[in-house]
Amino acid sequence: MSERKVLQKYFPPDFDPSKITRSKAPKSAGPKQQTVRLMAPFSMKCLTCGEFIYKGRKFNARKENSMEKYYNISIFRFYIRCTRCSSEITFKTDPKNMDYTCEKGAVRNFEPWREEGGKEETEEERLDRMEKEEEESAMEKLEIKTLDSKREMQIADALDEIRTRNARNERVDEGEIVGKLVEVKDAATLLREREEAEDEEAARKAFSTAEGERVKRVVEDDEAAGKKEEGLPQVEIPSFKKTIKRKRDLGAALGIKKVKKGPLV
């Protein structure tokens, strides 16, 4: 079994290092390519076989510098192959839009959120947009300033009201407060007395004649009361005394005669 880490190498006795010559391979034309492992940056459809390649699928790709730049940012090109027909698909980076653009072999799937951003605005449109943004910002600043002033006025009014209330509370005398409480108590007493007077007046009117004379109760003698009671029918006064009911002799109804027992002796 060979060693995992070889520390010594075998050289045969007839080994001559001078016979080994260095050979230079021809340099490949075009930009230098290197193999990288990447994931598909967007969903695409192969134009050769119609296979759909979803975003995030992993590929062994070839990467090269396209020798193009955007504000001194290098643009790279990637080569992958379709998973079904093995046709070559190329796409490159897009630093301007922070995205990727498909070049050859496939077409990018429709993405509605890219429609608005994909349109290039002209110089006039850009100036109009900047003017509108400045106007909106100016209006927004004015609205904020107006709201701040209103808030300050409300705070000032609330502070003035608090100061006025505190000053009024300081000027109030304890004697005045006690007097007001006594007045309230006296008013309740007056109300009760007025109600009592109204009740007495109603009672006086109820027990007086049309001429204004007061009706008196007539007290009759005991004899007259007895005579009047004689003419009235006598009403039996019910009593609630417990009465013992006599037991019925059911033996006579059935023809059973009871024999009286005599003395045994």
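The structure under discussion appears in the preceding block.
Participant: I'd like a rundown of the nonpolar core, residues and numbers included.
Facilitator: One finds Leu38, Met44, Ile53, Phe59, Ile80, Ile89 and Phe91 to be the most contacted residues of the largest nonpolar core, which totals 15 residues. The set of elements that each furnish at least two residues to this core consists of strand E1 (33-39), strand E2 (44-46), strand E4 (58-70), strand E5 (73-81) and strand E6 (88-94). Once you skip the residues sitting within four places of it in the chain, phenylalanine 91 turns out to touch Leu38, Pro41, Phe42, Phe76, Arg77, Phe78, Ile80, Tyr100, Thr101, Cys102 and Glu103.

Participant: Pulling in residues and values, what's your account of the side chain of glutamate 111?
Facilitator: Note on placement: glutamate 111 falls in the loop between strand E8 (106-108) and helix H1 (115-118). Relative accessible area serves as the criterion here: at 12%, glutamate 111 is assigned to the buried category. Among the polar contacts listed, one links the side chain of glutamate 111 to the side chain of arginine 108, at a separation of 3.3 Å.

Participant: Let's hear about the sheet that holds E2: which residues, and what values?
Facilitator: The strand order across the open sheet built from three strands is E3-E2-E8, with neighbouring strands paired in antiparallel fashion. Since the sheet does not close on itself, it has two edges, and those belong to strand E3 (52-53) and E8, each with one partner. Where E2 and E3 come together, two bridges link them in antiparallel fashion. Along E3, the bridge assignment pairs lysine 45 with phenylalanine 52.

Participant: With reference to specific residues and values, describe the packing of aromatic side chains.
Facilitator: In total, this model carries five aromatic pairs according to the counting rule given. Measuring from ring centre to ring centre gives 5.6 Å for phenylalanine 11 and phenylalanine 15, while their planes differ by 45°; the resulting arrangement is tilted. In this structure phenylalanine 11 comes out as exposed when scored by relative accessible area, which is 55%. The class for phenylalanine 15 is partly exposed, based on a relative accessible area of 39%. Aromatic rings pair up to connect Phe42, Phe78, Phe91 and Tyr100 into one cluster. A cation sits over an aromatic face here: arginine 62 above tyrosine 79, 4.6 Å from the ring centre. Lying over the aromatic face of phenylalanine 76, lysine 63 brings its terminal NZ or CZ to 4.5 Å of the ring centre.

Reading guide: rules and limits
Residues numbered from 1 in each chain as written. Predicted model: local features only at pLDDT ≥ 70, side-chain atom pairs only at ≥ 80, totals over all residues. Heavy atoms only, no water. Core = buried A, V, L, I, M, F, W, Y, C linked by side-chain atoms within 4.5 Å. Buried < 20%, exposed > 50% of the residue type's maximum accessible area, 1.4 Å probe, protein only. Helix = DSSP H or I, 4+ residues; strand = E, 2+ residues; numbered from the N terminus. Contact = heavy atoms within 4.5 Å. Polar contact = N/O pair within 3.5 Å; in protein donor to acceptor, adjacent residues only side chain to side chain. Pairing = 2+ DSSP bridges. Phe/Tyr/Trp six-rings, centres within 6.5 Å; stacked < 30°, edge-to-face > 60°. Lys NZ or Arg CZ within 6 Å of the ring centre and 35° of its normal.

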